[in-house]
Amino acid sequence: MLRTINLLALNTASSMLAIFEYLLMFRAIMSWFPQIQGSRLYDFICGITEPLLMPFRKLLQNVDALRGFPIDISFMLAFMTIIFLEILLQGMI
């Protein structure tokens, strides 16, 4: 019984990470099209993904060399962290 509950929790966490991964990718693709920015769908996706990106942005603000960097490194760090967590969870299942 406990094993089943653990598997359910791990599968749920893995599914949530996959959803965040897809939302981040969708946000990145939508950011390439300025006419989509400001739409309700874009605002919805930003509202979901921004709390995930904010800790990485705050962390990177402490690095002087990355403050004026033209690429959003926080996005890449968040995405790589999600992939790393997915790999860890797959190893536990």
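Our subject is the structure listed above.
Summary of the structure given here. Quick caveat, the model's predicted, so the values are computed rather than measured. (Residues numbered from 1 in each chain as written. Predicted model: local features only at pLDDT ≥ 70, side-chain atom pairs only at ≥ 80, totals over all residues. Heavy atoms only, no water.)

1. Digging into a nonpolar patch on the surface
For step 1, the next point in the chain: Residues Met25, Ile29, Trp32 and Phe33 make up a contiguous nonpolar surface patch of about 420 Å² in total accessible area.
For step 2, the next point in the chain: Summarising the element assignment, Trp32 is placed in the loop between helix H1 (2-30) and helix H2 (40-61).
For step 3, the next point in the chain: Judged by relative accessible area, which is 63%, Trp32 ranks as exposed. (Patch = residues over 30% accessible without salt bridge, like charges linked within 9 Å, V, L, I, M, F, W, Y side chains within 5 Å. Areas by Shrake-Rupley, 256 points an atom, 1.4 Å probe, with all protein chains shown as cover. Salt bridge = Lys/Arg side-chain N within 4 Å of Asp/Glu carboxyl O. Helix = DSSP H or I, 4+ residues; strand = E, 2+ residues; numbered from the N terminus. Buried < 20%, exposed > 50% of the residue type's maximum accessible area, 1.4 Å probe, protein only.)

2. Focus: H1
For step 1, the next point in the chain: With 29 residues, H1 should reach 42 Å at 1.5 Å per residue; the first-to-last C-alpha distance of 42 Å fits that figure.
For step 2, the next point in the chain: Among all positions in H1, only Leu10, Ser14, Leu17, Glu21, Leu23, Leu24, Arg27, Ala28 and Met30 are buried.
For step 3, the next point in the chain: Summarising the contacts, the buried residues of H1 are in contact with H2 and helix H3 (73-92). (Expected span 1.5 Å × (residues − 1). Contact = heavy atoms within 4.5 Å.)

3. Observations regarding the pattern of salt bridges
For step 1, the next point in the chain: Under the defined criterion, the tally for this structure stands at three salt bridges.
For step 2, the next point in the chain: Where Glu50 meets Arg27, a salt bridge forms, and the shortest distance between an N and an O atom there is 2.9 Å. Within this pair, whereas Glu50 is found in helix H2, its partner Arg27 is found in helix H1, the two being separated by 23 residues in sequence.
For step 3, the next point in the chain: When the shortest N-O distance is used, the salt bridge between Arg57 and Asp72 registers 3.0 Å. In this pair, Arg57 is assigned in helix H2 and Asp72 in the loop between H2 and H3, connecting sequence segments 15 residues apart.
For step 4, the next point in the chain: Here Arg57 falls in the partly exposed class, since its relative accessible area comes to 23%.
For step 5, the next point in the chain: It is possible to trace a salt-bridge network through shared partners that takes in Arg27, Glu50, Arg57 and Asp72.

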